[in-house]
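Architecture at a glance
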Amino acid sequence: MSVQFEDSFHRKFYYLRLSITDVCNFRCTYCLPEGYKPAGKNSGFLTLDELHRVVTAFSHCGTSKVRITGGEPTLRRDFTDVVAMIAAQDGIKKVAMTTNGYRLEKNAQQWRDAGLTNINVSVDSLDPRMFHQITGENKFHQVMRGIDAAFDAGFEQVKVNAVLLKNLNSGELPAFLNWIKDRPIQLRFIELMQTGDMDSLFEQHHQSGVSVRNHLIANGWIMKVRDQNDGPAEVFCHPDYQGEIGLIMPYKKDFCSSCNRLRVSALGKLHMCLFGDYGVDLRDLLQDNAQEEALVARIQGELLNKKQSHFLDQGHTGMTPHLASIGG
Ligand code: SAM
Ligand code: SF4
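Our subject in this report is the structure included herewith. Keep in mind that what you see is a predicted model, and the values were worked out from it rather than measured. (Residues numbered from 1 in each chain as written. Chains lettered and ligands numbered in written order. Predicted model: local features only at pLDDT ≥ 70, side-chain atom pairs only at ≥ 80, totals over all residues. Heavy atoms only, no water.)

**Examining the pattern of salt bridges**
The condition is simple: Whenever Lys or Arg places a side-chain nitrogen within 4 Å of a carboxyl oxygen from Asp or Glu, that contact is recorded as a salt bridge. Numbering of helices and strands runs from the N terminus; a helix is a DSSP stretch of H or I covering at least four residues, while a strand is a stretch of E covering at least two. Three exposure classes are used, based on accessible area relative to the maximum for each residue type with a 1.4 Å probe and protein chains only: buried under 20%, partly exposed in between, and exposed over 50%.
This structure, assessed with the given rule, holds 12 salt bridges. In this structure, R283 engages E50 in a salt bridge whose closest nitrogen and oxygen atoms are separated by 2.9 Å. Remark: E50 occurs in helix α1 (residues 48–60) and R283 occurs in the loop between β12 (280–281) and α9 (292–303); sequence separation between them is 233 residues. This pair shows no difference in class: R283 is buried, exactly as E50 is. A single salt-bridge network, built from bridges that share partners, covers R27, E137 and K139.

**Quick look at unusual backbone geometry**
Positive phi values are uncommon outside glycine, yet H10 reaches one of about 65°. Within the secondary structure, H10 sits in the segment before β1 (15–21). One non-glycine residue, N167, lies in the positive phi region at around 70°. Along the chain, N167 falls in the loop between β5 (158–164) and α6 (173–179). Taking relative accessible area as the criterion, N167 reaches 61% and is therefore assigned exposed.

**With respect to the site of ligand 1**
Our working definition: Throughout this document, a residue counts as near a molecule or strand when at least one of its heavy atoms sits within 4 Å of that molecule or strand. Contacts described as polar in this section are N or O atom pairs within 3.5 Å, which, within protein, must combine one atom able to donate a hydrogen with one able to accept it, while residues neighboring in sequence count only if both atoms come from side chains. The Shrake-Rupley method, run with a 1.4 Å probe sphere, supplies the accessible areas, and residue values consider only the shown protein chains as cover.
Lining the immediate surroundings of ligand 1 are 19 residues, of which Y30, G71, S122, N161 and M193 lie closest. The contact in question runs from a nitrogen atom of ligand 1 to an N or O atom on the side chain of E72, over 3.2 Å. Between an oxygen atom of ligand 1 and a side-chain N or O atom of S122, the distance comes to 2.6 Å. Compared with its free state, where it exposes 540 Å², ligand 1 has 95% of that area covered by protein. Listed by contribution, the elements that provide at least two residues to the shell around ligand 1 are β2 (65–70), β3 (94–99), β5 and β6 (185–191).

**What to know about the packing of aromatic side chains**
Convention followed: Note on aromatic contacts: the rings of Phe and Tyr and the six-membered ring of Trp form a pair at centre separations within 6.5 Å, being stacked when their planes are under 30 degrees apart, edge-to-face when over 60 apart, and tilted otherwise. Comment: the charge-over-ring label is applied if NZ (Lys) or CZ (Arg) is within 6 Å of the ring centre and within 35 degrees of the ring normal.
By the definition in use, this model includes 6 aromatic pairs. Taken together, a centroid distance of 5.1 Å and an interplanar angle of 75° make the contact between F79 and W111 edge-to-face. Note that F79 is positioned in helix α2 (residues 79–87) and W111 in helix α3 (residues 104–114), a separation of 32 residues in sequence. No difference in accessibility class separates F79 from W111, as the two residues are buried. When the ring centre of Y15 is taken as reference, the NZ or CZ atom of K65 above it lies at 4.5 Å. The side chain of R112 reaches across the aromatic face of F155, ending 4.7 Å from its centre.

**Digging into the pairing of β3**
The side chains of a regular strand alternate between both faces of the sheet. Selection rule: Between any two strands, pairing holds if DSSP finds at least two bridges. Seen with its strands pointing away from the viewer, a crossover is right-handed when the path leading from the first strand over the helix to the second is clockwise.
Most of β3 sits out of view: 5 of its 6 residues are buried. Strand direction decides the pairing type here: β2 and β3, joined by 4 bridges, are parallel. Within β3, the position partnered with K65 by the bridge is K94. With α2 bridging β2 and its parallel neighbour β3, the resulting β-α-β unit is right-handed. Of the pairings in the sheet, the one linking β3 to strand β4 (residues 118–122) comprises 4 bridges and is parallel in character. Bridge pairing in β4 links T98 to N120. Following the backbone out of β3, through α3 and into the adjacent parallel β4, one traces a crossover that is right-handed.

**Brief notes about the nonpolar core**
To be explicit about the condition: In plain words, nonpolar cores are sets of buried Ala, Val, Leu, Ile, Met, Phe, Trp, Tyr and Cys residues tied together by side-chain atoms within 4.5 Å.
Residues L18, Y30, I86, V123, W179, L187 and F189 are the most contacted members of the largest nonpolar core, which totals 101 residues. Ranked by residues supplied to this core, first place goes to helix α5 (residues 140–152) with 6 residues.

**Thoughts on the packing of α2 against α3**
Quick note on the threshold: Axis angles are defined between N-to-C directions and span 0 to 180 degrees, where every axis is a line fitted to C-alpha atoms and, for a helix, only to the segment in contact. For classification, angles of less than 35 degrees are called roughly parallel, those exceeding 145 degrees roughly antiparallel, those between 65 and 115 degrees roughly perpendicular, and all remaining angles oblique. Two helices cross in a left-handed way if the nearer one is turned anticlockwise from the farther one by less than a right angle. They cross in a right-handed way if the turn is clockwise. In what follows, a contact means two residues having at least one pair of non-hydrogen atoms within 4.5 Å. Amino acids outside the nonpolar list (Ala, Val, Leu, Ile, Met, Phe, Trp, Tyr, Cys, Pro) and the charged list (Asp, Glu, Lys, Arg) are all regarded as polar, and Gly is one of them.
At a closest axis distance of 8 Å, the pairing of α2 and α3 adopts a crossing angle of 25°. Viewed along their axes, α2 and α3 adopt a mutual orientation that is roughly parallel. As α2 packs across α3, the resulting crossing turns out to be right-handed. Between α2, through F79, T80, V83, A84 and A87, and α3, the contact on the second element is made entirely by Q110, W111 and A114. Grouping the constituent residues of the contact of α2 with α3 by class yields 6 nonpolar, 2 polar and no charged.

**Quick look at the site of ligand 2**
The immediate surroundings of ligand 2 are formed by C24, F26, C28, Y30, C31, L32, G71, N100 and A324. Looking at the shell around ligand 2 residue by residue, the class counts come to 7 nonpolar, 2 polar and no charged.

Interpretation note: all reported values are geometric properties and have no functional meaning in isolation.
Rendered as structure tokens:
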């Protein structure tokens, strides 16, 4: 192994979030409300060979988990090949994906067979009409069948992401809790994050996760002890429930102290943070296997510039127009 990726605040990076496309077929109100529009001319998304070189360099520097994201990553025709390529890398123990779930029903087994170990599916509402309203797509039942297909394919747990949205899904906590009573689902409520393209949506719909946390604690849910490699979610369990609840509250003080992740965008830019001001181009060093040393040196150099916090709580949104652009 080359040197473990570490920043000046002694945070170690075991986890790579790898975006493989910006394109998406949904129109979530908080992400791509008008659907995907290409952001000017570009040289195309990273090829399978380029992705391979990214993952090899990261795995040689201590990365053990890769999450494939986007845009909607499953829109790529070579998605299964991407999974298989990452799973075949020495040192990578977890190959995860985040998806809107629209292809899960058809492909869960194929992806599992290719080496996918973890799935996160986004489901913002259990009410089909509200799901349609939030995502712009009338695909609630298809996504639900997809989650069933993931269990049938052998995934022991599925994580479900729901963005907390005041006046939209905020009354659904009882329904969500009921849903995970007998299902091994970790339901993760994510606080809405303000991005560059967002206008009044944030003021209208941001809801703090504290109200959910208070409800859970008052109803016998217990916060699980965190593992050293755990991400920023607070996870709660309950003896009467098979499922768990995760709370992701990026506006909370100290949210960044447990940061263990780096991001590479679909255009080959390294991002130190979802809310950074710039990305560092890696693509010129992804053209030949012999460039790995130079690639690692560029990443290590950039790690010294990683800031201690995203400063979101001070209204800083960085350059990110929406999360589909660098992989949420
Ligand atoms: N298309 C896939 C999906 O939706 O699962 C993967 C990419 S999406 C950008 C990743 C996650 O980011 C989703 O769970 C989505 O709900 C979440 N997300 C997107 N924009 C967000 C925002 N402004 N605040 C909080 N979460 C957001
Ligand atoms: Fe697409 Fe995911 Fe963004 Fe929704 S959150 S628009 S599914 S990339």
